[in-house]
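Observations on the model geometry
So you can see what is in the structure, the chains are spelled out below.
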Amino acid sequence: MTEGAVKVLSRQALHDGWTLRAAAGAPVPDDIAGRAVPATVPGSVHTDLLAAGLIPDPYLDDNERALAWIGRTDWVYRTTFAHQPGDDDRVDLVCAGLDTVATLTLNGVEVGRTENMHRGYRFDVRSLLRDGDNDLVVAFDSAYRYAEAQQERLGDRPNAYPEPFHFIRKMACNFGWDWGPTLVTAGIWQEIGLHAWSTARLATVRPLVTVAGRDGQVELHVEVERVAAVPLTVRATVAGVSAEGVVPAGQRTAVLTLTVAEPALWWPRGYGEQARHPLEVTLHAPDGEVLDSWSQRIGFRSVRLNTSADEHGTPFELSVNDVPVFVRGVNWIPDDVFPTRVTRERLAERFDQALAANVNLLRVWGGGRYESADFYDLADERGLLVQQDFLFACAAYPEEEPFGSEVAAEAAEQVTRLAPHPSLVLWTGNNENIWGWHDWDWQQALAGRTWGRGYYLDVLPRIVGELDPTRPYWPGSPWSGTDEIHPNDPAHGTTHIWDVWNTDDYVKYREYVPRFVAEFGYQGPPTYATLRRAISDEPLAYDSPGMAHHQKAAGGDAKLQRGLDAHLPAPADFDDWHYLTQLNQARAIQLGVEHFRSHRGVCAGTIVWQLNDCWPVTSWSAVDGDGRRKPLWYALRHAYADRLLTVQPREGGLALVAVNDGGTPWRASASVTRLTLTGDSRAKTTLELDVPAYSTVTLALPADLARPEEARRELLVASAGPSARRALWFFAKDRDVEWPTAAWDATVEPVDGGQRVRVAARTVLRDLTLYADRLDPAASVDEALVTLLPGESVAFTVRSAGPLDPAALVARPVLRCVNDIARS
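Numbering of residues begins from 1 in every chain and follows the order in which that chain's sequence is written. Totals for whole chains, interfaces and linings use all residues, but because this is a predicted model, local features are given only for residues with pLDDT of at least 70 and pairs of side-chain atoms are given and counted only at 80 or more. With hydrogens and water excluded, all non-hydrogen atoms of the structure serve as input to the side-chain values.

Once that is clear, we can look at the nonpolar core. Here, the term nonpolar core denotes a set of buried Ala, Val, Leu, Ile, Met, Phe, Trp, Tyr and Cys residues that are joined through side-chain atoms within 4.5 Å. Throughout this description, buried means an accessible area under 20% of the type-specific maximum (1.4 Å probe, protein chains only), exposed means over 50%, and partly exposed covers the range between. Core analysis: the biggest nonpolar cluster contains 174 residues, and Phe390, Leu770 and Phe796 have the highest contact counts within it. When residues in this core are grouped by element, the largest group, eleven residues, is from helix α14 (residues 574–598). By definition, residues are in contact when any of their heavy atoms lie within 4.5 Å. Leave out the neighbours within four places in its chain, and Leu770 touches Val757, Val781, Phe796, Val798, Leu809, Val814 and Leu815. Formed by 39 residues, the second largest nonpolar core is a distinct cluster that contains Leu14, Ala22, Val28 and Leu54. Going along the chain from the N terminus, every DSSP run of H or I of four or more residues is numbered as a helix, and every run of E of two or more is numbered as a strand.

See the structure below:
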């Protein structure tokens, strides 16, 4: 460059003009062989072939099976771009994300190779660029072929599924899961472009944000990449405070400290505001000119994880700004198999669904991806806490090269990238791998080979400790805190409860009083509209071919049936089965959450498996693959409410438990009445509630109230006024209750944006639910799972693009209740 001139870093996106073709000689369908397909970048092979009309939608019926060849094919992306050489010292080809095993060639010269989906790459290409048109090729080797070659070279290792996902640094669930399809992707999945710069650039900016007393502090770590041995200046500003530091010639790092007096703090939802402050960082040449800049909003908050032993074992209690937070969490999986389809708007919808269900934490599960900038920005904005797993799940992972180096590079990049986000409060080393080594018959199969222990207990904690000591790290989920105690011991650290669902009835949740439940779940099918869009079976049945293909869990249908047999009347047809299995899912999770929350003080949090789905499938989700809310979502909204009233078995009797996760005391009179199904009162008491903020109070119920005269005809109703939903306790299972034939009166009236359906009960109506999506796939309802006593009423608000048939809205199979099943 010209002496004395300074140039700021410039960027040129390379997202246009791409084509995609199968590599020469690949065994692909005739209409694809040799054909150049327009490619969207960022994107993937599957979405490009789908857009071109060359493959069917892999989410419909069993199309997934016919598309397995895509993951076993090599693919070539190609584009031509114009470039005018300047006097920059460096021009880098920057790839934010390549999926996965790629060779990059510029103007016929190999630039580099990649083999990790979870990190970015940068290549100096200044000497290869031409004035005018330049040809860029990104050739992807089959992920299967790479993984299987590594598997053969290093020796097989056990995992949960017969796929080699643990032998490649790629989104594991691409290879299928017990809720996901096997669609092994390839492509330029994140931004790609040229960065032109001179003298130096900002390589990494890592703000470590803490709160001490009433002051906030930013310890700003800056690393530069340089091509000139000159002194550089780094300047930073946040919340009206500025600092600067010098990077001497020949050095690459600087640390600046900015102390902000009494800043507005960032709080999780329900605890305060989500104050964020722009942090601006600039890099300057010796003459003061700006070479590069970086900016992001940060939040001042502290995070602490209490794991000090107590009389109950080892707690796992998260505090933000020195206030303990009971975690009301959900597990998050990739919202689509194809990440580029997950827009900011789609994420915002999921986040709003989580918030409306009173969720305060999302755990990003380790078989997916490090989530996007939009994901974390939305979490910061909305006050949702995030626990991010490092990407290891349900398998023994090799630690040999190239994996050891790739994992370290990936972890360092992601810890640095996510450091500015106040929502991120916990790093976790893996999902179920330490547990797997102990309990899943791995040790003999491994025969001494590496399995990931070195990552979870050495490499990853060291990287987090060096790069971001402001956040806690936990080696696994589950993990007890020490090798001396079983990793899934409920009394120590975090636990996963999967005997419920896999082998045991959901009432077994009450046998656990865990310190923190990081996974537990129960299956249910997606909404009817989602099923009908995805599955063309006629007639639709729980075991019809399409339904069977969209049930990925081993023995899943038998487990659903076992749950129905234990609790509910026998279904007469598919409509009954669909309602009852969705209801049983909701009941199971509501029972578990209410039980665990009732033991607040011992249990410090629950993370339900799972919030979302990546495609239409029978699964553990509360929101299905098309984004529709299942009945579980409504149950979760109730069970996770700030104020919860629940009846729980205690020491041979029953107790009323009042849980207050609000910031103010809860004082109310609670009436508890034992009623017949016809509404006649047989016993009643009044209890005074005085529940401090963030606390729980347990009040024993009198024996005459807690013991029914006719268990199959009675229930308890506990109410504390409008501040909390009333609690119900039935003395018998639904299948044994002597339900009257359901009877009600209903009216339908128009309202802005939809209709209001008012149902007045003439008999008890158990878990009344209105399935408006059966009439209009776009319709939604504000409430579900409402139990009415005789003489009570409820109004459902239905939102839809146009008016729905009033008669259909109040009849089977749209309006359902348990004793409607019993009648049939």
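There's more to say after this.
Averaged over the chain, the pLDDT score is 97; the fraction of residues at 70 or greater is 99%. A score from 0 to 100, pLDDT tells how confident the predictor is in each residue. In the model, residues 1–5 has pLDDT below 50 throughout and makes seven contacts with residues more than four positions away in sequence or in other chains.

Between Asp99 and Thr100 the backbone carries a cis peptide bond, its omega angle lying at -5 degrees. Assignment of secondary structure puts Thr100 in the loop between β6 (98–99) and β7 (101–106). Here the amide bond leading from Trp609 into Gln610 is cis, since omega sits at 10 degrees, within 30 degrees of zero. When you line up the elements, Gln610 lands in the loop between β30 (605–608) and α15 (631–639).

Before going further, it helps to examine the environment of Tyr77. Following the sequence through the fold, Tyr77 ends up in strand β4 (residues 75–83). A relative accessible area of 0% means that Tyr77 is categorised as buried. For the pair Tyr77 and Glu783, spaced 706 residues apart in sequence, the C-alpha separation works out to 48 Å. Looking at Tyr77, its side chain comes within polar contact range of the main-chain nitrogen of Val45, at 3.3 Å. Here a polar contact is taken to be a pair of N or O atoms separated by no more than 3.5 Å, where protein atoms must pair a possible hydrogen donor with a possible acceptor and residues adjacent in sequence count only if both atoms sit in side chains.

To continue, consider the sheet that holds strand β2 (residues 19–22). In any sheet, the strands associate via hydrogen bonds between backbone groups, in a parallel or an antiparallel arrangement. Read across the sheet, six strands follow the order β3-β2-β4-β10-β7-β8 without closing on themselves; strand pairing throughout is antiparallel. Of all the strands in the sheet, just β3 (37–38) and β8 (109–115) have a single pairing partner and so form its edges. Any two strands between which DSSP finds at least two bridges are classified as paired.

A word on the pattern of salt bridges. The salt bridge criterion pairs a side-chain nitrogen of Lys or Arg with a carboxyl oxygen of Asp or Glu, the two atoms within 4 Å. Tallied over the full model, the rule gives 70 salt bridges. Here Arg122 makes a salt bridge to Asp92, at a shortest N to O gap of 2.9 Å. Taken as a pair, Arg122 in strand β9 (residues 121–124) and Asp92 in strand β5 (residues 90–95) lie far apart in primary sequence, 30 residues in all. The exposure class assigned to Asp92 is buried, which follows from its relative accessible area of 0%. The shortest N-O distance in the salt bridge between Glu400 and Arg157 comes to 3.3 Å.

The next point concerns the packing of helix α4 (residues 344–356) against helix α5 (residues 373–382). Two elements in contact, α4 and α5, have axes whose closest approach is 10 Å; the angle formed by their N-to-C orientations is 40 degrees. The angle between α4 and α5 places the two elements in the oblique class. The interaxial crossing formed by α4 with α5 has right-handed handedness. Residue-level inspection shows Arg344, Leu347, Ala348, Phe351, Asp352 and Leu355 of α4 in contact with α5, the latter providing Asp374, Phe375, Asp377, Leu378, Ala379, Glu381 and Arg382. For every element, the axis is a line fit to its C-alpha atoms; helices are fit only across the contacting stretch, and the angle between N-to-C directions ranges from 0 to 180 degrees. Should an angle fall under 35 degrees it is called roughly parallel, over 145 degrees roughly antiparallel, and 65 to 115 degrees roughly perpendicular, with every other angle called oblique. The hand of a helix crossing depends on one turn: near helix anticlockwise from the far one by less than a right angle means left-handed, and clockwise means right-handed.

With that settled, consider the side chain of Gln387. By the secondary structure assignment, Gln387 is in strand β25 (residues 385–389). Dropping the residues within four chain positions of it, Gln387 is found in contact with Leu361, Leu362, Arg363, Val364, Leu426, Thr428 and Ile607.

With respect to the helices and strands, Asp389 occurs in strand β25. Within the local environment of Asp389, its side chain forms a polar contact with the side chain of Arg363, the two groups lying 2.6 Å apart. Here the side chain of Asp389 touches Gly366 through a polar contact of 3.0 Å, landing on its backbone nitrogen. Other than its neighbours up to four places away in sequence, Asp389 contacts Arg363, Val364, Trp365, Gly366, Tyr370, Thr428, Asn430 and Asn431.

Taking strand neighbours across the sheet as the criterion, the three strands line up as β13-β14-β17 in an open arrangement whose pairing is antiparallel. Edge positions in the sheet fall to β13 (200–212) and β17 (253–261), since each has one partner strand and no second. Ignoring strand direction, the axes of neighbouring strands in this sheet form an average angle of 20 degrees. Here twelve bridges tie β13 to strand β14 (residues 215–226), and the two strands are oriented antiparallel to one another.

Across the six residues that make up strand β36 (residues 714–719), a large majority, five, are buried. Bridging between strand β33 (residues 666–676) and β36 involves six bridges; their strand directions are antiparallel. By the bridge assignment for β36, Val672 is matched with Ala718.

Counting along an α-helix, one turn takes 3.6 residues, and residues three or four places apart therefore face a common direction. Counted residue by residue, α5 has seven buried out of ten residues, so it is predominantly covered. One or two positions beyond α5, positive phi appears at Gly383, with a value near 80 degrees.

Assignment of secondary structure puts Gly754 in strand β39 (residues 754–761). Sequence separation between Gly754 and Thr797 is 43 residues; the distance between their C-alpha atoms is 7.2 Å. Discounting chain neighbours no more than four positions away, the residues touching Gly754 are Val798, Arg799 and Ser800.

Count a disulfide wherever a pair of cysteine sulfur atoms falls within 2.5 Å. Tallying each qualifying case throughout the model produces zero disulfides. Just so you know, Cys614 is unpaired, no disulfide at all, and the nearest cysteine sulfur is the one on Cys173, 6.1 Å from it. Cys614 sits in the buried class, given a relative accessible area of 4%.

Another point: the packing of aromatic side chains. Side-chain rings of Phe, Tyr and Trp (the six-membered ring for Trp) are treated as a pair once their centres are within 6.5 Å; stacked means planes under 30 degrees apart, edge-to-face means over 60, and tilted covers the remaining angles. According to the stated counting rule, one finds 43 aromatic pairs in the structure shown. Ring centres of Phe730 and Trp739 lie 5.7 Å apart, and the angle between their planes is 55 degrees; on these two criteria the pair is classed as tilted. There is no split in this pair, since Phe730 and Trp739 are both buried. Clustering of aromatic rings is evident, with ring pairs tying together Tyr161, Phe165, Trp177, Trp179, Trp365 and Trp609. In our convention, an over-ring charge means Lys NZ or Arg CZ found within 6 Å of a ring centre and within 35 degrees of that ring's normal. The ring of Phe392 carries the charged tip of Arg169 above its face, separated from the ring centre by 4.5 Å.

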